[in-house]
2 protein chains.
Amino acid sequence: MAPSTSSHASSSSSSPTSLSRTETLSLASLSAASLAILLNALRGDGEPLIASLALSLAAFSLCYAMIRWLGPTFIKAGFRGRDLGKVNGAELPECMGAVCAAVYLIAVIVFIPFPFYKDIVAATSGGGNRDVVVEMERYANQGGRFLHRFPHNKLASYLGAIISLQTIALLGIGDDLFDIRWRHKWWIPGIASIPLLVVYFVDFDVTSIVIPLPLQPLLGELFDLGPLYYAYMACVAMFCPQSINMLAGINGIEVSQCLVVSLLIAFNDCLYLFTPYPHPATDSHLFSLYLLLPWIGVSCALLCHNWYPARVFVGDTYCYFSGMVFAVVGILGHFSKTLGLLLVPQLFNFLYSTPQIFGLIPCPRHRLPKFNARTGLLEPSVTPWTPDRQPHPLVARALLLLHRMRLLRATTAVDPDKGTTIFVETTNLTLLNLWLVWRGPLKENRLAWEVTLLQLAVGLFGLFVRHKLALLVFKEDNWGSTGQH
Amino acid sequence: MAPSTSSHASSSSSSPTSLSRTETLSLASLSAASLAILLNALRGDGEPLIASLALSLAAFSLCYAMIRWLGPTFIKAGFRGRDLGKVNGAELPECMGAVCAAVYLIAVIVFIPFPFYKDIVAATSGGGNRDVVVEMERYANQGGRFLHRFPHNKLASYLGAIISLQTIALLGIGDDLFDIRWRHKWWIPGIASIPLLVVYFVDFDVTSIVIPLPLQPLLGELFDLGPLYYAYMACVAMFCPQSINMLAGINGIEVSQCLVVSLLIAFNDCLYLFTPYPHPATDSHLFSLYLLLPWIGVSCALLCHNWYPARVFVGDTYCYFSGMVFAVVGILGHFSKTLGLLLVPQLFNFLYSTPQIFGLIPCPRHRLPKFNARTGLLEPSVTPWTPDRQPHPLVARALLLLHRMRLLRATTAVDPDKGTTIFVETTNLTLLNLWLVWRGPLKENRLAWEVTLLQLAVGLFGLFVRHKLALLVFKEDNWGSTGQH
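Residues numbered from 1 in each chain as written. Chains lettered and ligands numbered in written order. Predicted model: local features only at pLDDT ≥ 70, side-chain atom pairs only at ≥ 80, totals over all residues. Heavy atoms only, no water.

If you open the UniProt record of chain A and go to Pathway (unreviewed entry), you find "Protein modification; protein glycosylation." Looking at the Subcellular location (unreviewed entry) heading of the UniProt record, one finds this comment for chain A: "Endoplasmic reticulum membrane". (UniProt positions renumbered as here; feature names shortened; annotations may be inferred.)

A.B. asks: Help me out: how do you make sense of the overall build of chain A in this one?
C.D. replies: Within chain A, the regular secondary structure consists of 19 helices and 9 strands. Within chain A, the proportion of its 485 residues that are buried is 53%. Of the contacts formed within chain A by residues at least 6 apart in sequence, a portion of 71% connects residues at least 24 apart. Accessible surface computed for chain A: about 22000 Å², of which carbon and sulfur atoms make up 66%. (Helix = DSSP H or I, 4+ residues; strand = E, 2+ residues; numbered from the N terminus. Buried < 20%, exposed > 50% of the residue type's maximum accessible area, 1.4 Å probe, protein only. Contact = heavy atoms within 4.5 Å. Areas by Shrake-Rupley, 256 points an atom, 1.4 Å probe, with all protein chains shown as cover.)

A.B. asks: I keep staring at the sheet that holds strand β9 (residues 421–427) of chain B and nothing clicks. Help me out?
C.D. replies: As a general point, the strands of a sheet are linked pairwise by backbone hydrogen bonds and lie either parallel or antiparallel. All names here are of chain B. The antiparallel open sheet is built from 3 strands, whose spatial order is β7-β9-β8. The open sheet has two edge strands, β7 (382–384) and β8 (410–414), and neither has a second partner. Shown here is a sheet whose adjacent strand axes are inclined to one another by a mean of 30 degrees, direction ignored. Where β7 lies against β9, 3 bridges are found, and the strand directions are antiparallel. Residue pairing for β9: Val382 is matched across the bridge by Thr427. (Pairing = 2+ DSSP bridges. Axes fitted to C-alpha atoms, helices over the stretch in contact; angles between N-to-C directions.)

A.B. asks: Whenever I open this one, the packing of aromatic side chains confuses me. Can you help?
C.D. replies: Aromatic rings in a pair are described by how distant their centres are and how their planes are angled relative to each other. Taken as a whole and assessed by the stated rule, the structure comprises 43 aromatic pairs over all chains. With a centroid separation of 6.2 Å and 75 degrees between ring planes, the pair formed by Phe201 of chain B and Tyr230 of chain B is classed as edge-to-face. Of this pair, Phe201 of chain B sits in helix α9 (residues 188–203) while Tyr230 of chain B sits in helix α11 (residues 227–246), and the two are 29 residues apart along the sequence. According to the relative accessible area criterion, Phe201 of chain B is partly exposed, its value standing at 27%. What links up through ring pairs into an aromatic cluster is the set Phe111, Phe114, Tyr158, Phe287 and Tyr290 of chain A. (Phe/Tyr/Trp six-rings, centres within 6.5 Å; stacked < 30°, edge-to-face > 60°.)

A.B. asks: Please clarify how helix α19 (residues 444–469) of chain B should be interpreted in this entry.
C.D. replies: Residues that lie three or four places apart on an α-helix share one face, since the helix turns once every 3.6 residues. Residues and elements named next belong to chain B. Spanning 26 residues, α19 covers 36 Å between terminal C-alpha atoms, matching the ideal 38 Å at 1.5 Å per step. Taken residue by residue, α19 has Glu444, Leu447, Ala448, Glu450, Val451, Thr452, Gln455, Gly459, Gly462, Leu463, Arg466 and His467 as its buried positions. Considering only its buried residues, α19 is in contact with α12 (253–273), α15 (336–342), α16 (344–357), β6 (377–379) and α18 (431–439). (Expected span 1.5 Å × (residues − 1).)

A.B. asks: Is there a simple way to think about the pairing of β9 of chain B in this case?
C.D. replies: Across a regular strand the side chains alternate sides, sitting on one face of the sheet and then on the other. Residues and elements named next belong to chain B. Direction of pairing for β8 relative to β9: antiparallel, over a ladder of 5 bridges. Bridging across to β9, Ala410 finds its partner in Thr426. The loop that links β8 with its antiparallel partner β9 comprises 6 residues; one of these, Gly419, has a positive phi angle of about 80 degrees.

A.B. asks: Help me understand the UniProt feature "transmembrane region" (unreviewed entry) in chain A, please; the structure alone is not making it clear to me.
C.D. replies: In the numbering used here, UniProt assigns the "transmembrane region" (unreviewed entry) feature to residues 49–71, 92–114, 155–174, 186–209, 229–248, 255–275, 287–308 and 320–344 of chain A. Taken end to end, residues 155–174 of chain A has its terminal C-alpha atoms 29 Å apart, with 100% of it in helix and 0% in strand.

A.B. asks: When you look at the packing of helix α3 (residues 48–76) of chain B against helix α4 (residues 97–111) of chain B in this model, what are you seeing that I'm missing?
C.D. replies: Helix packing geometry: the angle between the two helix axes and the distance between the axes. All names here are of chain B. Running from N to C, α3 and α4 point in directions that differ by 150 degrees, and their axes come no closer than 8 Å. Relative to α4, the element α3 lies roughly antiparallel. Along this stretch, α3 crosses α4, giving a crossing that reads as right-handed. Of the residues in α4, those in contact with Pro48, Ala51, Ser52, Leu55, Ala59, Leu62, Cys63, Met66, Ile67, Leu70 and Phe74 of α3 are Val99, Cys100, Val103, Ala107, Val110 and Phe111. (Parallel < 35°, antiparallel > 145°, perpendicular 65-115°, else oblique. Left-handed = near helix turned anticlockwise from the far one by under 90°.)

A.B. asks: How should unusual backbone geometry be read in this particular structure?
C.D. replies: Note: most residues except glycine have negative phi, and most peptide bonds are trans. All names here are of chain A. Cis peptide bonds are those with omega within 30 degrees of zero, and the linkage from Tyr308 to Pro309 qualifies with -10 degrees. Considering the arrangement of structural elements, one finds Pro309 in the loop between α13 (282–306) and α14 (315–332). Phi at Arg406 is positive, roughly 55 degrees, even though this residue is not glycine. The residue Arg406 is located in the loop between α17 (393–404) and β8 (410–414) in this model.

A.B. asks: Can you help me understand the nonpolar core in this one?
C.D. replies: Most often, soluble globular proteins have nonpolar side chains that are buried together. Among the nonpolar cores identified, the biggest contains 205 residues, and Phe321 of chain A together with Phe321 of chain B are the most heavily contacted of them. Each residue touching Phe321 of chain B, except ones within four places of it in the same chain, is listed here: Ala101, Tyr104, Leu105, Leu165, Ile168, Ala169 and Trp295 of chain B. (Core = buried A, V, L, I, M, F, W, Y, C linked by side-chain atoms within 4.5 Å.)

A.B. asks: Looking at this model, I keep getting lost on the pattern of salt bridges. Mind explaining?
C.D. replies: A side chain with one charge may pair with a side chain of the opposite charge, provided their charged atoms come close. Enumeration over the complete set of coordinates arrives at 18 salt bridges over all chains. Between Asp175 of chain B and Lys185 of chain B there is a salt bridge, with its nearest N and O atoms 3.8 Å apart. With Asp175 of chain B in helix α7 (residues 152–178) and Lys185 of chain B in helix α8 (residues 182–185), this residue pair connects regions lying 10 residues apart in the sequence. Of the two residues examined, Asp175 of chain B and Lys185 of chain B, each falls in the buried class. Three or more residues joined by partner-sharing salt bridges are found here, namely Asp83, Lys86 and Glu444 of chain A. (Salt bridge = Lys/Arg side-chain N within 4 Å of Asp/Glu carboxyl O.)

A.B. asks: When you look at the confidence of the model for chain A in this model, what are you seeing that I'm missing?
C.D. replies: Residue and element names in this part refer to chain A. For chain A, the mean per-residue pLDDT works out to 83, and 85% of the residues sit at or above 70. Across residues 124–148, where pLDDT falls below 50, the model places 49 contacts with residues more than four positions away in sequence or in other chains. Scored below 50 in pLDDT, residues 480–485 shows 11 contacts in the model against residues more than four places distant or in partner chains. For this predicted complex, the interface score ipTM comes out at 0.84, alongside a pTM of 0.86. (pLDDT = per-residue confidence, 0-100.)

A.B. asks: Help me out: how do you make sense of the environment of Pro309 of chain B in this one?
C.D. replies: Residues Pro309 of chain B and Glu254 of chain B lie 55 residues apart in sequence; the distance between their C-alpha atoms is 14 Å. With residues up to four places along the chain from it excluded, the contact list for Pro309 of chain B reads Lys86 and Asn251 of chain B.

A.B. asks: Just checking my understanding: could you explain the sheet that holds strand β7 (residues 382–384) of chain A for this structure?
C.D. replies: All names here are of chain A. The strand order across the open sheet formed by 3 strands is β7-β9-β8, and the pairing between neighbours is antiparallel. Every other strand in the sheet has two partners, leaving β7 and β8 as the edge strands with one partner each. In this sheet, neighbouring strand axes are inclined to one another by 30 degrees on average, regardless of whether the strands run parallel or antiparallel.

A.B. asks: Quick question: what am I supposed to make of a nonpolar patch on the surface here?
C.D. replies: Residues Ile106 and Val110 of chain A together with Trp187, Ile191 and Ile194 of chain B make up a contiguous nonpolar surface patch of about 420 Å² in total accessible area. Among the elements of the structure, α4 (97–111) of chain A together with α9 of chain B are those that each provide at least two residues to the nonpolar patch. Positionally, Val110 of chain A belongs in helix α4. (Patch = residues over 30% accessible without salt bridge, like charges linked within 9 Å, V, L, I, M, F, W, Y side chains within 5 Å.)

Right, dumping it as structure tokens:
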């Protein structure tokens, strides 16, 4: 573990705040290419998916450059922090997720006309209020033909999604600025989900769920959850951002997990693109792709700067925003259960953390793995116990059980006064610490790689379950094929 | 002008960061009343205007309390400034416009279902996808009857408006945080207008304007501006926020001018409510009211804290956001010309400032009126000239002309070396300084009052022109009556 030399020497050819010549050239050509594709798409009939891909490339370039340029500005404005996992960490710009969010929002706003391009041209042949034209068309064709109608409802859901994402960006920045207390933090994504739910209420208000086959004799094929469905959606919107925010603490892990989840959702969306159109679910999954691709773009840009050794930090804004992107596409794309399968590591981390969250076990301010400056490796961080302050007997029994199941590491000693076994320390209850308990001390980037691959493996298995095994309990997979049993 | 005693003594009964008992009681009862009205509106058929009023009252209460509570948090986060117009100004929280914006956004988002409540009930009698039901209804009625259809397009414009407002809030906070350079600032409202314009493009795309009667023989009754119309709207969106941001600098003036403009627009909207429904313009003006009333609510709350002697500052966020509210209602309500008549003082201030903006006359960092600590009055601030640095001869002639027209005050002297007349100082070119040139030194609150009343008088005259004199050049006032000539 050689102590790194000055930061200038370590950042190879480029100075820390300006782009190198290679970077400038690559980004410029990438932007030029995406602009060309966009203009070409406008001359054709919109081709929204191609346009979305091009915009995502442009978003990547812009985000990459802006993160580099804005570093000193962020540090000056007080968004800075030290890396706890380095020997002598310099001050790094914090809250760079805000840049990603801003670039992403520009991209999705500029994208608005593309999915509706065909409709705009078809409905008005150039100008004039859409509805007037449709009204006339309807009177002209009384034969019950399926008339072309502008998909206002899709536009409204897209706009509702943008509003929710902007709200979470505003609240996330507020959190990074004011350091909101943990208790209040919990509600931030809940507030941001309000616009989404309101638009859902006004525009769809479908609150029925499909009942699994074994339960259909009891509850019928569809069951109307009513207002509970909104509570369910709010919970999804609250869980995604918070759970991602909790699986954090080492360089790159926030971004890499989000990138894996985004790619898996996008992969799942693509499965639906190859079914014969118009499949009822195709549109929802297209919608999901339009929102995900730019996010993948800006996340890649951030990962380049945030991967070990990190030159910027992401801030709570990134985690909140990313979770909200998933929640929005899951809710409006009607695949929140599939989303749950992709977030299993986060769910596990959340459930595993509950004893510390609810105060059964003391919860230190930071639970991230501890950096051992001597070995240069990360080790599980621990909660120390003193002879005076021991866990409740029930908790103690649970801790010992977990220790025996290798779900945490507890160090015990014999109390010299009473002769009973007492706890000296237990590892903090996070997935990262648990992984270190299992695998032994690891280098920071190695740990990030392994947990990212874990996320990928669990997610792929989840998708397999979703499409292959779901037919055992549901009548049909909405992806084309019908179950035979 | 007695120097004020300690701040605790001066803020009467309440401590500076908590509400007094009277305040708590009033705000609580106000909130309770508005909640009761809201719930009652939900049991009836929505009554959106009543609901909007109730929400605005609730927004006032929430904003009033939050501005008080969040003061220390803002100061701690670095949002603070000293009052340049006081003897020994304490540090006050800055950027409180962000609180207004946040509360306002919550109010307009929660309000979304109300204007569509009747449609929700009519279209679906409770649940199910709106469009499915409408589709069925259409097939059932082939006779060309006017069918009930969910007003998706109105929803989309409302959502587009919210997105633009959130964008300006994000950018305004960015400006207050990072102190963006003047040159870049100019583009902030332009970027924020993109969502509005995109939604307008996708959803309406009406780009024709009515031609005044004298020009109709040349250009026809309607003239299609095409893409120029979008440039025009972008200019409106850029002008409103910037011009309000420029007429600033003394306690309360930013908020009071915005309040006057909001009230005048709301008054103009109300004129349309009493025309026999359904008048084509009624819906646009209702839309405008829905967006304005909550803004009036939060602005009143801010004014209570920002009026002389100010206990908080508003920040650029407030001016940008307020200007954007006006631009949004003006553009989507199709009355941007009327809006222009209400912003004449801002337009004058902007044009009057141009020589300093474009560098013909040196522009100091602050051009706000100068506080004379001896008299306790505000005096016009000046640009000093040295014998070495005199204005260009043409500028000098213009300055002397303006001086003779009493449109600025120039102090001249005779150069002892050359015997020519040279400038010693000229007043800065802002409306506030000009008013002080005309009226002599004034107390800060007096100046704010007078300029606010000026805004009111000019605005009322503008509305008179709009509704009475416009018939001379346009065939009809869209407010009911048709011109006879």
